[in-house]
Amino acid sequence: MSVQCKRVRTCFKNTEYSIRECLPVCRSPSGVQLSQVIRYDKLNRDEVRDLLICFLYILENISAELLLGWWQNCTETELLNFFKLLELCLENFRYPGKKSLFMRQAFVENNPQQRALTLPSRKGPPGGPIRAISTYTERTTVLTSISEDVDSHTALLMANVSSEVGLIILDTVTLFTSNFKAQLQLNNGDNTLMYRLYDIHLHYLQTGQSETLTRHVFATFRCFINSYPEALFEGSAQLCGSLIYEVLRSCNSKLQNSRADACALLYLLMRSNFEYTGRKNFTRVHLQTIISVSQLLGEEVPLNNARFQESLSNINNYANHDKAQQLTPFPGEVKDLTKRIRTVLMATAQMKEHESDPEMLVDLQYSLANSYASTPELRRTWLENMARIHCKNGNLSEAAQCYVHVAALVAEYLKRKEIFLDGCSAFRSISPNIELDESNMKEDAGMDDIQYTEDTLLEKLEMCAYGLDQAERWEMMGQVYRLIIPLYEKQRNFQALADAYQRLHVAYSKVVDVMRRGMRLLGTYFKVVFYGQYFELDDGKEFIYKEPKVTSLSEISERLRNLYSEKYGQDTVKLIQDSNDVDASELDPKFAYIQISFVTPFFKEQETTERLTDFERNNNIRQFMYETPFTLDGKKAHGSLAEQCKKRTILTSKLAAIARCSLPLLLDVAVV
């Protein structure tokens, strides 16, 4: 009878290793299995570390020529497994910090059962062989000593081991990246091997490392940027974006040296991207920096502090003192980027302070969305956030305008991809603001990662139509469907075409009905002026507030009084009851003053002949007016019929009524 022996297999699962030991399996010549005994044993953490220490010792002492020769004979799968093993080494020997060690000591001392686990095992599992005590055991050499006395020396030993492991792996990875550029540059770095090596580099920044090791890591990244610019600035944006994300986290580090190295690395990324594009721009780094800042803020990482602001200033200083770039647009673009980041930080901080103020909250989100004008995905996110807030507050017209802007944003993106040639200009008839707001998109090779298609545009346009229907802006639905119907026709989607024409029929029928009945309530407008130090940047500024349907002056006055009384105190807020000009110097600085005046849309003579319906007189409005009584002697507001005069004040805003409930005013024109 022949005997065939199965090979022992080693299976890896995270940081635990299972060894499947199979005894010889006896088979008859016919291949029938006679008997088989399978036993499973599991390596504990200490034994794993023993094996990894042996592996790292070999790795540190082996000659570079021998290691390079072995790599050349490895398949891609074997290389990936090798570098995965390096990642496991980093994870297993990661230094948890002295504070964590003391916490573990307290836990062990307060739990007798856990204290018993720190002792070496005297016997093996039932039915199995006795384990050899590990020569490098965490429980026997670390936890036992911790349970007795954790001192600085023990923590220092663990920190040194962690740093040594990190340096060995960093040297190994650098050796590979220096000698296998062809493999790593395949598809401009968009390959599995590059991602695996890149993950190892990022692991150093994602976990706490010693200050000395961190400096070596930043130096390695500087070499990587110089060696693989194609992967960072031409291939997938994922590599560049993930690096910038971690570097920005380091710009917020408590360690001054780490912040300085992070600033230098981020500046090198900007400069290298600028040089790579032939000194035209550094769009890739610009966009990915804004995206990373947004992600960090979304994860509630506190960036709005002195440390991060200092890092931004340092980057600006590098650009201003870089003599080789003084005659290029590079310093100006760096300044613009840091300015955008500060705008985002300031708006995010203010949002938390004004969560109960819907107008202020939406204005801040509008400002934040504008700061993302060149980043479609982030701008879309904030516009949709604005729409949700508007829906929550019952401002359906403004919510619909947000969806229109989102659709125009997608259309402009598709124009850059030569898919939808009209771009955002196709929405000009819907709102004059759209082309101004959505045409500032910057092009970047990494934009290919955003998979906007004609179906995406169709989906957003359908959301626009639904929002306009809910807001009772039925006349605008026709303009939206002028964009939707050609897409349905291109797809030969006749059922969708039938549904579209049916919805248009219903919408225009509603228009006919409300025009016949004369019952169209499209909103009420008020001029609101804030005075006093409590309002900070809004002190002395004038706004036009749009309130839903028929809102009286007393209703908005009561709402704003209650809102700001909760913020500043019940006895602090005072309302100014008339619409006369206010001399701010005569007001008591101890109080917060709010002046509210009813205003109506104003149209020039030509516009009056063009805007014939109620909808046209309440859509895309830029000018408003209110009237103030006065007498010729100026001593009183009301007098005899011969003395009585009326002053008409015309207010002009920068933009027509848009995706906000409050519009800042730019110009006042008084007409007697």
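Now for a quick tour of the structure.

Conventions adopted
- Residues numbered from 1 in each chain as written.
- Predicted model: local features only at pLDDT ≥ 70, side-chain atom pairs only at ≥ 80, totals over all residues.
- Heavy atoms only, no water.
- Helix = DSSP H or I, 4+ residues; strand = E, 2+ residues; numbered from the N terminus.
- Contact = heavy atoms within 4.5 Å.
- Areas by Shrake-Rupley, 256 points an atom, 1.4 Å probe, with all protein chains shown as cover.
- Buried < 20%, exposed > 50% of the residue type's maximum accessible area, 1.4 Å probe, protein only.
- Polar contact = N/O pair within 3.5 Å; in protein donor to acceptor, adjacent residues only side chain to side chain.
- Salt bridge = Lys/Arg side-chain N within 4 Å of Asp/Glu carboxyl O.
- Axes fitted to C-alpha atoms, helices over the stretch in contact; angles between N-to-C directions.
- Parallel < 35°, antiparallel > 145°, perpendicular 65-115°, else oblique.
- Left-handed = near helix turned anticlockwise from the far one by under 90°.
- Nonpolar A, V, L, I, M, F, W, Y, C, P; charged D, E, K, R; others polar.
- Disulfide = S-S within 2.5 Å.
- Expected span 1.5 Å × (residues − 1).
- Phe/Tyr/Trp six-rings, centres within 6.5 Å; stacked < 30°, edge-to-face > 60°.
- Lys NZ or Arg CZ within 6 Å of the ring centre and 35° of its normal.
- Core = buried A, V, L, I, M, F, W, Y, C linked by side-chain atoms within 4.5 Å.

Observations concerning the overall build of the chain
Thought 1: Per the secondary structure count, the chain includes 25 helices and 13 strands.
Thought 2: Here the analysis covers contacts within the chain between residues at least 6 apart in sequence; of these, 65% occur between residues at least 24 apart.
Thought 3: For the chain, the exposed surface amounts to about 34,800 Å²; the carbon and sulfur share of it is 53%.

Description of the side chain of Glu 438
Thought 1: Assignment of secondary structure puts Glu 438 in helix H20 (residues 433–438).
Thought 2: The buried category is assigned to Glu 438, whose relative accessible area is 1%.
Thought 3: Side-chain polar atoms of Glu 438 contact the side chain of Arg 379, separated by 2.7 Å.
Thought 4: A distance of 2.9 Å separates polar atoms of two side chains, one belonging to Glu 438 and the other to His 405.

Notes on the pattern of salt bridges
Thought 1: One pass over the structure, following the stated rule, counts 20 salt bridges.
Thought 2: Glu 454 is the salt-bridge partner of Lys 490, the closest N and O atoms lying 2.9 Å from each other. Here Glu 454 lies in helix H21 (residues 454–470) and Lys 490 lies in helix H22 (residues 474–490), a separation of 36 residues in the sequence.
Thought 3: Accessibility expressed as a relative area gives 17% for Glu 454, which makes it buried.
Thought 4: A salt bridge links Glu 627 to Arg 648, with the shortest nitrogen-to-oxygen separation between them at 3.1 Å.

Notes on the packing of helix H13 (residues 256–276) against helix H15 (residues 306–320)
Thought 1: As a packed pair, H13 and H15 sit with axes 9 Å apart at the nearest point and diverge in direction by 45°. By the angle between their axes, H13 is oblique relative to H15. Two packed elements cross with a definite hand, and for H13 against H15 that hand is right-handed. Across the interface between the two elements, Arg 259, Ala 260, Cys 263, Ala 264, Leu 266, Tyr 267 and Met 270 of H13 pack against Arg 307, Glu 310, Ser 311, Asn 314, Ile 315, Tyr 318 and Ala 319 of H15.
Thought 2: Its residues assigned to classes, the contact of H13 with H15 shows nine nonpolar, two polar and three charged.

Describing unusual backbone geometry
Thought 1: In this model, Asn 188 sits at a positive phi of 55°, which is unusual for a non-glycine residue.
Thought 2: Note that Asn 188 resides in the loop between helix H8 (181–184) and helix H9 (192–206).
Thought 3: Even without being a glycine, Glu 472 presents a positive backbone phi close to 65°.
Thought 4: Tracing the chain through its elements places Glu 472 in the loop between H21 and H22.
Thought 5: Residue classification places Glu 472 among the partly exposed positions, given a relative accessible area of 28%.

Regarding the state of the cysteines
Thought 1: What the rule picks out here adds up to zero disulfides.
Thought 2: A disulfide-free cysteine, Cys 391 has its sulfur positioned 8.5 Å from the sulfur of Cys 402, the nearest such atom.
Thought 3: Here Cys 391 falls in the partly exposed class, since its relative accessible area comes to 38%.

Overview of H13
Thought 1: The terminal C-alpha atoms of H13, which comprises 21 residues, lie 30 Å apart, in line with the 30 Å expected from a rise of 1.5 Å per residue.
Thought 2: Of the residues flanking the end of H13, it is Gly 278, one or two places downstream, whose phi is positive at about 75°.

A short note on the packing of aromatic side chains
Thought 1: Following the criterion strictly, the structure yields 28 aromatic pairs and no others.
Thought 2: Judged by centre distance (4.9 Å) and plane angle (75°), the ring pair of Phe 83 and Phe 176 falls under edge-to-face. Placement of Phe 83 in helix H3 (residues 76–92) and of Phe 176 in helix H7 (residues 152–179) is noted, with a sequence separation of 93 residues between them.
Thought 3: Judged by its relative accessible area of 0%, Phe 176 falls in the buried class.
Thought 4: Measuring from ring centre to ring centre gives 5.4 Å for Tyr 198 and Phe 224, while their planes differ by 50°; the resulting arrangement is tilted. In this pair, Tyr 198 is assigned in helix H9 and Phe 224 in helix H10 (residues 211–227), connecting sequence segments 26 residues apart.
Thought 5: Classification of Phe 224 as buried rests on a relative accessible area of 4%.
Thought 6: Between Lys 574 and the ring centre of Phe 591, over which it is positioned, the NZ or CZ distance is 4.6 Å.

Focus: the nonpolar core
Thought 1: The biggest cluster of nonpolar side chains holds 140 residues, and the ones touching the most others in it are Ile 169 and Phe 427.
Thought 2: In terms of residue count, helix H19 (residues 396–416) provides more of this core than any other element does, 13 residues in total.
Thought 3: Residues contacting Phe 427, with those up to four places away along its chain left out, are Val 404, Ala 407, Ala 408, Ala 411, Ile 434, Leu 461 and Leu 483.
Thought 4: With 15 residues, the next largest nonpolar core counts Phe 535, Ile 556, Ala 592 and Ile 594 among its residues.

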